[in-house]
Amino acid sequence: MTGIGLTAEAYRIPTDAPEGDGTLGWTATTLVLVRARADGHTGIGWTYGPVAAVGVVADLLAPVLADLDPDDVPAAWTRMRRRLRNAGRPGVAGLALSAADCALWDLKARRHALPLARLLGTARRDVPVYGSGGFTTYDAQRQHRQLAGWVHEQGIPRVKIKIGEADGTAVERDLARMTAARHTIGDGTELFVDANGGYQRKQAIRVASAAADLDVRWYEEPVSSDDLPGLGLVRDRVTADVTAGEYGYDLVYFQRMAPYVDCLQIDVTRCGGISEFLRAAAVADAAGIQVSGHCAPHQHLPVAATTPNLRHLEWFHDHVRIETMLFDGTHPATGGAVPVQTERPGNGLEFRAEQARQFRVA
């Protein structure tokens, strides 16, 4: 046993067009890649967040793993979590923990020449996805092209657009874009919307009422995810499933939110990695609800495959583009589901270091 070596680096990739939602806008996305090494093998994991996560990995997480057996992922996760106590786990430190945990699981699978999905065990061999984008910054033509591509070219049967523009002050445009989305995708495709917490409680209910003829099935963060009673109020007054949870960094967050939503979102690159994703999914199952993987689709695929109460995975435009660009071994979402990799060791992906070099910032 040689212990575990842990390193991290960051890459900032410009978007292909300005992107925005109800409460935030951006023109670049930063991917923080973590490598876990032992016995001549390397596992990879990543998250999307500030460059500062690189320092957390180097200064706080790596030193506590140097003497551990690489197979003991629960022990490694526990040490890392404890090391973050005074740094504050929610936020940047949680992102670093998540990427490191994913890298450790990938390392274990590669050391044993097993696909990661096989190591974890699968509940399904294909993971259902929904196309996600439809940013508030898009004009009508760009939104139409994106949605039409998912539905009519790739055969994805569920798609999501962003609403709640300008902190909920552009409701008429929200409704017009929702109407246009329904026209593009037709009646046979599920329409999802995400307000990113842009509305107030009764405003969110009024928007849902005004869009009743559009048959919206998924109403994500109609109010702030910090407003649990508000989420519960909207859930009980609208027909669409109300969902939130993408900002969960620990198990208690998901336990508190579960009674207020119809489906619990979990982000493996924020929640604490694969180790905590599985526990959060169990919390949701105990509450009688399903879970949905948030963004970072190729990082989610193995754990999504092993989660019995998974509803679907977000096929987020920005992250799909980045992961297809920077990793060998990615898959398209043709037909609305992505096959789980069960042939190559680990997560089946290889980082394209030369391709990524131009984007490196740390």
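The structure we're discussing is the one just above.
Calculation notes
Residues numbered from 1 in each chain as written. Predicted model: local features only at pLDDT ≥ 70, side-chain atom pairs only at ≥ 80, totals over all residues. Heavy atoms only, no water. Helix = DSSP H or I, 4+ residues; strand = E, 2+ residues; numbered from the N terminus. Expected span 1.5 Å × (residues − 1). Buried < 20%, exposed > 50% of the residue type's maximum accessible area, 1.4 Å probe, protein only. Contact = heavy atoms within 4.5 Å. Pairing = 2+ DSSP bridges. Polar contact = N/O pair within 3.5 Å; in protein donor to acceptor, adjacent residues only side chain to side chain. Core = buried A, V, L, I, M, F, W, Y, C linked by side-chain atoms within 4.5 Å.

Chemist: I tried to follow helix H7 (residues 171-185) on my own but got confused; where do I start?
Modeler: For an α-helix, 3.6 residues make a turn, and residues three or four places apart therefore share a direction. Compared with the 21 Å implied by 1.5 Å per residue over 15 residues, the 21 Å span of H7 between its first and last C-alpha is a close match. Residues of H7 that are buried include every one of Val171, Asp174, Leu175, Arg177, Met178, Ala181, Arg182, Thr184 and Ile185, and no others. Looking at the buried positions of H7, the neighbouring elements they touch are helix H5 (140-153), strand E5 (158-162), helix H6 (165-168), strand E6 (190-194), helix H8 (201-210) and strand E7 (216-220). Downstream of H7 by a residue or two, glycine 186 has a phi angle that is positive, lying close to 80 degrees.

Chemist: Looking at this structure, I do not really get the pairing of strand E1 (residues 5-20). What am I missing?
Modeler: Looking along a regular strand, one sees side chains alternate from face to face of the sheet. Across twelve bridges, the pairing between E1 and strand E2 (residues 25-38) is antiparallel. Its bridge partner being in E2, arginine 12 is matched across the sheet by threonine 30. Where E1 folds back onto E2 in an antiparallel hairpin, the turn is made up of four residues.

Chemist: Can you help me understand the side chain of threonine 15 in this one?
Modeler: Take threonine 15: it is sitting in strand E1. Exposure remark for threonine 15: the relative accessible area of 13% places this residue in the buried category. Within polar-contact distance, the side chain of threonine 15 engages the backbone oxygen of alanine 17 at 2.7 Å. With residues up to four places along the chain from it excluded, the contact list for threonine 15 reads Trp26, Thr27, Ala28, Thr29, Asp318 and Arg321.

Chemist: What exactly am I supposed to notice about the nonpolar core here?
Modeler: Considering soluble globular proteins, one finds that nonpolar side chains tend to be buried as a cluster. One finds Leu6, Leu61, Leu65, Met80, Met178 and Tyr219 to be the most contacted residues of the largest nonpolar core, which totals 97 residues. If one sorts the elements of this core by residue count, helix H3 (residues 92-111) sits on top with eleven residues. What leucine 65 contacts, discounting residues up to four positions off in sequence, is Gly3, Ile4, Leu6, Ala76, Met80 and Leu104. Core analysis: the second largest hydrophobic core is formed by 15 residues, Tyr11, Ala296, Leu326 and Phe351 among them.

Chemist: Help me understand helix H13 (residues 317-326), please; the structure alone is not making it clear to me.
Modeler: With eight of ten residues buried, H13 is to be regarded as a mostly interior element. Of the residues making up H13, those classed as buried are His317, Asp318, His319, Val320, Arg321, Ile322, Glu323 and Leu326.

Chemist: I would appreciate a short explanation of the environment of aspartate 69 in the present structure.
Modeler: Summarising the element assignment, aspartate 69 is placed in the loop between helix H1 (52-61) and helix H2 (73-83). You can call aspartate 69 partly exposed: its relative accessible area is 27%. The spatial distance from the C-alpha of aspartate 69 to the C-alpha of threonine 184 is 53 Å, given a sequence separation of 115 residues.

Chemist: Please explain the side chain of aspartate 71 as it appears in this structure.
Modeler: Among the secondary structure elements, aspartate 71 is positioned in the loop between H1 and H2. Within the structure, aspartate 71 has its side chain in polar contact with the side chain of arginine 111 (distance 2.8 Å). Excluding anything up to four places from it in sequence, aspartate 71 contacts Lys108, Arg111 and His112.

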